[in-house]
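Listed here are the chains, written in short residue letters.
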2 protein chains.
Amino acid sequence: MIKLGIVGYGNLARGVECAIAQNPDMELSAVFTRRDPSSVRILTPNVPVLPVEDAETFCGKIDVLLLCGGSATDLPAVTPKFAKKFHVVDSFDNHANIPAHFAAVNAAAAESGHVALISTGWDPGLFSVNRLYASAILPEGKDYTFWGKGVSQGHSDAVRRIPGVLDARQYTIPVPEAMDKVRRGENPDLTTRQKHTRLCYVVAEPEADTKAIEQAIKTMPNYFADYDTTVVFITQEEMKNDHSGLPHGGSVIRSGVTGWDKETTQTIEYKLNLGSNPQFTASVLVACARAVVRMAEKGITGCQTIFDIAPADLSILSREELLSHML
Amino acid sequence: MIKLGIVGYGNLARGVECAIAQNPDMELSAVFTRRDPSSVRILTPNVPVLPVEDAETFCGKIDVLLLCGGSATDLPAVTPKFAKKFHVVDSFDNHANIPAHFAAVNAAAAESGHVALISTGWDPGLFSVNRLYASAILPEGKDYTFWGKGVSQGHSDAVRRIPGVLDARQYTIPVPEAMDKVRRGENPDLTTRQKHTRLCYVVAEPEADTKAIEQAIKTMPNYFADYDTTVVFITQEEMKNDHSGLPHGGSVIRSGVTGWDKETTQTIEYKLNLGSNPQFTASVLVACARAVVRMAEKGITGCQTIFDIAPADLSILSREELLSHML
């Protein structure tokens, strides 16, 4: 049995807990939290919830720690710290800062002889590895990534910070005509506005100026100004009934040419349709934890990414089973 | 530069030759043929075409041999033979016989200290590795593979063997309603007939009994009897103008559940839309040849599959470039 620990207990961690229960070769050993452990109720029976300071007492008793913190301030500190004592997996998703995060984590993991797998999930993660496969196979081509339809938590938070807004949910929606052009191999040059639209459901305070809120959203730099945004005001009850899930998804499409005269168009698309973003991300992290154990057994150390995982190491199946049933 | 050799010179080998020209870290060293070399004209200037018996004289001068023979009788003999002298890549695609082929090739490659990558391309190959990723991430779910719309050369050949048939082209077509059900996460049980239809374009001899030909096609066991098949008679000229390409493609879809009560549906789809089946397969083989060189540098030997390739090894990009631009 692969023994796993979880650091943190938000949406992603709960997804990790559920995913561990779906993998018969894994078990949850402990959850570590910065909150008062007595205030945290987890789903798995007979598993301790402990202060994060106690994690080190589990050295040698846990195979891999899954770090379920946020990318802004949490993981940059937490991942290098735990990589000194454990094999770890994180979902660091700030694309621009990945090289710096890699360097910091690699220094810790290489010195201590651990495997630290960073930036896994679906983007970065599965989308990244599909961009890699597609670009290696079609060196002359162009990549497109479309997100949605799905809830962007960062954009929802941005709307919630506007005065007069009680609650908000922002959906990122890919533009179907743009996707169709890409799928047809037309290799269009697309502006930000041409790729995605944004749809905001907003619960406003009773006396709020909804016109002003709508204006504040649509002109917000970085988040909305470069997009065609639709704002819909709804009741708190409609928000609860119709928008409580966290669906997401998207497509990575590469269109390229082959042939001596580059006369042939070839298109590769990888598409996710996710009922729950955190549960799916968690399922990727848990499969990657299995690969971390296998990589450690091979003597690999240091910071790794999904690019370094031989796919067979993700699977519970033996080589014989993979050859017979999956190849 | 990675020095590559090609054994055979049919459609797949020509695709390999074109793909090598698209990869700036590779060059073609020689083509080996069983035909009279003077009768074979290749596309790349200043590259020798030699009898296959001369291949051994290139030991140490070629990094990887790409074996472009057929799976029925050619590769089972050729791949183990060359794996004794070279790192090799093949596209062995007889799924049921992969374990036996693996064992034979592994015996040769392990003993001689070479890397022999078998059964790569898109199915087996990219479809296989996507089945593996998806099943590792969604352990509770169901896989579906749809092929087409595309030309099946085996089925086209089967029709051509019917008396009175001058030429034939068979298209495999996935049933859109079945794909939609799978994409919606309904996990349907689908019969062979419910998944694909078959469409045959046939050029008949002038005096042929077209009713009898149509009947012979539709009732042919293994190839057509289990499918809804449409037969369309056309002229030799229409065949040449409208059906001379070899397009193909398809989708691997896995739909699974996550969550403590398995309450969430998640769907992963990998979709190929290929203007030329052999050129695309060739592009996969060539990217895999790069990975073979990298694996050999790491000291790996024996028979390998795409399941064993760390994706980074497929790419011309450095780790730094991958982290900055692709993750």
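Just so it is clear, the structure is predicted and the values come from calculations on it, not from any experiment.

Analysis parameters
Residues numbered from 1 in each chain as written. Chains lettered and ligands numbered in written order. Predicted model: local features only at pLDDT ≥ 70, side-chain atom pairs only at ≥ 80, totals over all residues. Heavy atoms only, no water. Buried < 20%, exposed > 50% of the residue type's maximum accessible area, 1.4 Å probe, protein only. Helix = DSSP H or I, 4+ residues; strand = E, 2+ residues; numbered from the N terminus. Arc of directions from axis to C-beta. Contact = heavy atoms within 4.5 Å. Least-squares fit on C-alpha atoms with pLDDT ≥ 70 in both. Pairing = 2+ DSSP bridges. Axes fitted to C-alpha atoms, helices over the stretch in contact; angles between N-to-C directions. Right-handed = clockwise from strand over helix to strand, strands pointing away.

Draft legend 1. Main features of helix 11 (residues 319–326) of chain A. Among all positions of helix 11 of chain A, only Leu322, Leu323 and Met326 of chain A are buried. Buried residues of helix 11 of chain A, viewed axially, fall in a sector of 120°; they line one side. In helix 11 of chain A, the exposed positions that point more than 90 degrees away from the buried face belong to Glu320 and His325 of chain A. The inward-facing, buried residues of helix 11 of chain A abut helix 3 (98–112) and helix 4 (126–137) of chain B.

Draft legend 2. Seen up close, the relation of the copies chain A and chain B. Structural alignment of chain A on chain B gives an RMSD of 0.0 Å, achieved by rotating through 180° and translating 0.0 Å along the axis. What we have between these two chains is a two-fold relation. The residues that chain A uses at the interface reappear at the interface of chain B in 100% of cases, marking a shared surface.

Draft legend 3. Seen up close, the sheet that holds strand 11 (residues 228–233) of chain A. Residues and elements named next belong to chain A. Judged by pairing direction, the sheet is mixed, and its four strands sit side by side in the order 8-9-10-11 without closing on themselves. One side of each edge strand has no neighbouring strand; the edge strands of this open sheet are strand 8 (150–151) and strand 11. Here nine bridges tie strand 9 (residues 165–174) to strand 10 (residues 196–204), and the two strands are oriented antiparallel to one another. Within strand 10, the position partnered with Arg169 by the bridge is Tyr201. On the sheet, helix 5 (residues 153–160) packs against strand 8, strand 9 and strand 10 and is oriented at approximately 145° with respect to strand 9.

Draft legend 4. Molecular detail of the pairing of strand 1 (residues 2–7) of chain A. Residues and elements named next belong to chain A. With respect to burial, strand 1 is a largely interior element, five of its six residues being buried. One ladder, built from six bridges, connects strand 1 with strand 2 (residues 26–33); its direction is parallel. The partner of Val7 across the bridge, within strand 2, is Phe32. For the crossover that starts at strand 1, traverses helix 1 (residues 11–21) and ends in the parallel strand 2, the hand is right-handed. As judged from the four bridges shared by strand 1 and strand 4 (residues 64–67), these two strands associate in the parallel manner. The residue bridging Gly5 from the neighbouring strand is Leu65, located in strand 4.

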